[in-house]
Amino acid sequence: GTVGPTQFIVAVNGRIRSFNKTTGVADGVLNVDSDVFFASVLTPGPNFTSDPRIRYDRLSGRWYLVIIDVPNSGTVPNRTLLAVSDTATITGTTVWTFFFFQFDLTTQFADYPTLGIDANALYIGANMFSASAGTFTRTDAAVVRKSSVTSGGPIVVTLFPGLATGTGAGPYTPQGVDNFDPAATEGYFIGVDNAAFSLLQVRRVGTPGGTPTLSGNLSVTVPSTTF
C-alpha cells in the first residue's frame, strides 16, 4: 500500500481497498477485486491478476497501480497492466485510465513487477521465466513515458531486456526507483546482484522522458549477505 493526501490505499493479490488516512478506517470508496478492476485490459481467456504495486505521485497528483496478469496459469506470455487516476483523492467520480504492455510476446512470462516513479517516467522491472518450462531466464526493465499515460495514451514504453541473464551479473528483481525531485533528468533501477552476494547493481536511465538509454551495471558493495 501507499499513502496519498487524504487516503491510504492497499493493493494485495485479489483486493484493492482505500482507507481514511487520519482514522485508518476503510472509507468505502475503493473495495474491489483486482480482476474486476483490471478486466478491460486482461489477456482474453482463463486469467487472473497478481503481484500489485501502487504509488501516489506527489508531482502529478495521481495514483499509479501496476499488476501482472496470469493467463492460462502462467504457461503463456502475459501482460503488465497499469491503472492511472485523474485525481489526488479517490472518490466515486475519479476516472481511472487503463493500459497494458508486454515485456515479451513469444516465450517469456514476466513476474514480480516493481514500480518506481519520478518527474519523467515510470520504471517497471520484472523477473522473466520461460512460459513453457517455468524456469528463470533473465531480468527485464521497462521505462514508461509518464506524459503518455497522464494524457490518456497511447502508452509509450521502452523495453530493456536482459539486465541479468541466467546466472550472470546484473540486478535481480530490478526495482524502479522513486525520486521526488521535480528537476530530475535521469532515472534508476536497483537490485541485488544476480551472481554474487554482498553486492547491489544500479542501472542509470538517461533521457527517461524522451528516448531512454540504459547504463551498464554500477556496482555498490554492501555488508556481507547470504541466503
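The structure displayed is predicted, hence computed values, not measured ones.

What counts and how
- Residues numbered from 1 in each chain as written.
- Predicted model: local features only at pLDDT ≥ 70, side-chain atom pairs only at ≥ 80, totals over all residues.
- Heavy atoms only, no water.
- Helix = DSSP H or I, 4+ residues; strand = E, 2+ residues; numbered from the N terminus.
- Buried < 20%, exposed > 50% of the residue type's maximum accessible area, 1.4 Å probe, protein only.
- 1 Å grid on protein atoms, 1.4 Å probe; cavity = no way out; pocket = protein on both sides within 12 Å on 5 of 7 lines; lining within 4 Å.
- Points joined across faces, edges and corners; volume = space filled by probe spheres on them.
- Nonpolar A, V, L, I, M, F, W, Y, C, P; charged D, E, K, R; others polar.
- Contact = heavy atoms within 4.5 Å.
- Pairing = 2+ DSSP bridges.
- Axes fitted to C-alpha atoms, helices over the stretch in contact; angles between N-to-C directions.

This next bit is on unusual backbone geometry. At the junction of glycine 153 and proline 154, the peptide bond is cis and its omega measures out at 5° in the coordinates. Phi is positive for aspartate 51, close to 60°, though the residue is something other than glycine. Relative to the assigned elements, aspartate 51 resides in strand S5 (residues 49-57). Unlike most non-glycine residues, serine 73 shows phi in positive territory, near 60°. Considering the arrangement of structural elements, one finds serine 73 in the loop between strand S6 (62-69) and strand S7 (80-85). Judged by relative accessible area, which is 62%, serine 73 ranks as exposed.

Bringing the layout of surface pockets into the picture now. Looking at the largest pocket, its volume works out to about 280 Å³. If you go around the largest pocket, you meet 14 residues; those closest to its centre are Val192, Asp193, Ala196, Phe197 and Phe227. At the level of elements, strand S15 (186-193) and strand S16 (199-206) are the ones that each hand at least two residues to the lining of the largest pocket. Classifying every residue of the lining of the largest pocket by side-chain character gives nine nonpolar, four polar and one charged.

Here serine 219 is to be found in strand S18 (residues 218-221). For the pair serine 219 and aspartate 57, spaced 162 residues apart in the sequence, the C-alpha separation amounts to 28 Å. Setting aside chain neighbours within four positions, we find serine 219 in contact with Leu199, Leu200 and Gln201.

Turning next to the environment of valine 12. On the secondary structure map, valine 12 appears in strand S2 (residues 7-12). Counting along the chain gives 40 residues from valine 12 to proline 52, while the straight-line C-alpha distance between them is 6.1 Å.

Right, let's get into the sheet that holds S7. Spatially, the four strands line up as an open sheet ordered S5-S6-S7-S8, and their pairing is antiparallel. Each having just a single partner strand, S5 and strand S8 (96-101) make up the two edges of the open sheet. Each neighbouring strand pair of the sheet contributes to a mean axis angle of 20°, computed without reference to strand direction. Across six bridges, the pairing between S7 and S8 is antiparallel. Looking across to S8, one finds that threonine 80 is bridged to phenylalanine 101.

In this section: the sheet that holds S2. Each strand in a sheet pairs with its neighbour through backbone hydrogen bonds, running either in the same direction (parallel) or in the opposite one (antiparallel). Pairing in this open sheet of four strands is antiparallel, and the strands run S1-S2-S3-S4 from one edge to the other. Each edge of the open sheet is held by one strand with a lone partner, namely strand S1 (2-3) and strand S4 (26-32). Note: strand S3 (residues 15-20) against S4, three bridges, orientation antiparallel. Considered in S4, the bridge of arginine 17 is made with asparagine 31.

Tracing the backbone through its elements, the reader meets threonine 2 in strand S1. Apart from the residues within four sequence positions on either side, threonine 2 is in contact with Gln7, Phe8, Ile9, Ile54, Arg55, Tyr56 and Trp63.

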